[in-house]
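# Remarks on the overall topology
Next come the chains, spelled out residue by residue.
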Amino acid sequence: MKAVTWHGRRDVRVDTVPDPRIEQPTDVVVGITSSGICGSDLHLYEVLGPFLDEGDILGHEPMGVVEEVGPEVTAVRPGDRVVVPFNVSCGTCFMCGQGLHSQCETTQVHEQGSGAALFGYTKLYGQVPGGQAEFLRVPFGNTLPIKVPDGPPDDRFVYLSDVLPTAWQAVEYAAVPEGGSLVVLGLGPIGDMACRVAQHRGVGKVIGVDLVPERLARARANGVEAVDLREPELVAAIRDMTDGRGPDAVVDAVGMEAHGSPNAQLAQQMTALLPDGIQAWLMKRAGVDRLHALYLAIDIVRRGGTISLAGVYGGMTDPMPMLRMFDKQIQLRMGQANVRRWVDELLPLLVDGDPLGVETFATHRVRLDQAPAAYQMFQQKRDGAVKVLLQP
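Values in this document were obtained by computation on a predicted structure and should not be read as measured data.

### Things to note about the side chain of Ser161
Within the secondary structure layout, Ser161 lies in the loop between β7 (146–147) and α3 (163–174). Not counting chain neighbours up to four residues away, the residues in contact with Ser161 comprise His60, Glu61, Pro62, Val83, Val84, Pro85, Phe86 and Val339.

Here it is, written out as structure tokens:
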């Protein structure tokens, strides 16, 4: 089969690799019909190379049609249409029972000290082959795949794999009081969808912050009060928009590669020049993130407010302004989205109408063999790229 594979920093290719096969009696093999490129994939493209091997298959936002099932699979059968969550979670352990599928005890990557395994996302999370491919082996066939109805286009359901539950959890964790205000930092796929989710859930004022003109215009077209990150008095301007005290909550949808963090960016670039083994050791013990977005969230949020981290962070020695956070009595929530936890709330929004605008959410749909150019376009924020779907 054809699959998108990692070959080095800013070097992904479409290779011919062996087809996946049934390995355990509860496995299924899914023929992929759509698979997204995620903002988190850009961390693999740029920063997390020491935790990848050449030829690793990328991608964690797939959906498709069941092609084959193991002998103990009863929940789906060949021909069923399914979405595959990015967490590899069993659905039956203690953590899954708590709705913490990203901490699944069955698939925790103990040798790395990490939570649940993830499709297509480095040795840190199990080095499981990903879904930017023609076929994907999916374990836990009775509890992991999300069965969706035939009829509507893939765009209606594919975001159940990651974008929708991540944005939904980000807004849930933000805990905005009734009629309150929310600032979303970063208007890429997760930030854009978080704004839509917040509006749908009745948040009184939704403010989005970015520096890409097309993303700001897209948010404004959906009724979001969008502010340019380069606004000279950004924090003061947002306070003026929120009764002089700042928003009730902030969602950081940017993560480890924020603009405006030159020292951390230089440290990442210098680390990238070292041999992989040394890079990995440093990143796991002394790594730093570009924290401009998080620092901005701490400045913006009102006293007693909540910061919800949806962007991926990976630094082990990030400096945090604890005095300011303690003084402002900030509440902080974070973590990988627990995809399966939110499906029952999200699926009805996709079956009966399209209140979140998912059918027009993608800005680009390209063939699988165009993935290398699509990665480059998305990483460079060219051509208005917000969400790219690969279609094998």
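### Remarks on the nonpolar core
One recurring pattern in soluble globular proteins: nonpolar side chains tend to sit buried together. Residues Tyr159, Leu160, Leu164, Leu182 and Met193 are the most contacted members of the largest nonpolar core, which totals 76 residues. By size, the runner-up hydrophobic cluster in this structure holds 22 residues, among which are Val76, Val88, Cys104 and Phe140.

### Structural notes on the environment of Met95
Here Met95 lies in helix α2 (residues 94–97). With 40 residues separating them along the chain, Met95 and Gly55 place their C-alpha atoms 32 Å apart.

### Re helix α1 (residues 39–46)
Along α1, seven of the eight residues are buried, which leaves the element largely enclosed by surrounding structure. Those residues of α1 not exposed but buried are Ser40, Asp41, Leu42, His43, Leu44, Tyr45 and Glu46.

### Description of the pairing of strand β3 (residues 28–37)
Of all the ten residues making up β3, nine are buried; the element is thus mostly covered by neighbouring parts of the structure. Direction of pairing for β3 relative to strand β15 (residues 388–391): antiparallel, over a ladder of three bridges. The partner of Ile37 across the bridge, within β15, is Val388.

### Details of the sheet that holds strand β13 (residues 331–334)
As summarised here, the arrangement of the six strands in space is β10-β9-β8-β11-β12-β13, forming an open sheet in which the pairing is parallel. Only two strands of the sheet have a single partner each, and these edge strands are β10 (225–228) and β13. Each strand axis lies, on average, 20° off the axis of its neighbour in the sheet, ignoring direction. Here strand β12 (residues 306–309) runs beside β13; their pairing, made up of four bridges, is parallel. By the bridge assignment, Ile307 is partnered in β13 with Leu332. The strands touched by α3 are β8 (181–185), β11 (249–252), β12 and β13; relative to β12, the strand with the most contacts, the crossing angle is about 160°. Sitting on the sheet, helix α5 (residues 213–221) is in contact with β9 (205–210) and β10, with an inclination near 165° to β10.

Calculation criteria
Residues numbered from 1 in each chain as written. Predicted model: local features only at pLDDT ≥ 70, side-chain atom pairs only at ≥ 80, totals over all residues. Heavy atoms only, no water. Helix = DSSP H or I, 4+ residues; strand = E, 2+ residues; numbered from the N terminus. Contact = heavy atoms within 4.5 Å. Core = buried A, V, L, I, M, F, W, Y, C linked by side-chain atoms within 4.5 Å. Buried < 20%, exposed > 50% of the residue type's maximum accessible area, 1.4 Å probe, protein only. Pairing = 2+ DSSP bridges. Axes fitted to C-alpha atoms, helices over the stretch in contact; angles between N-to-C directions.

Spatial relationships are all this shows, so hold off on functional conclusions.
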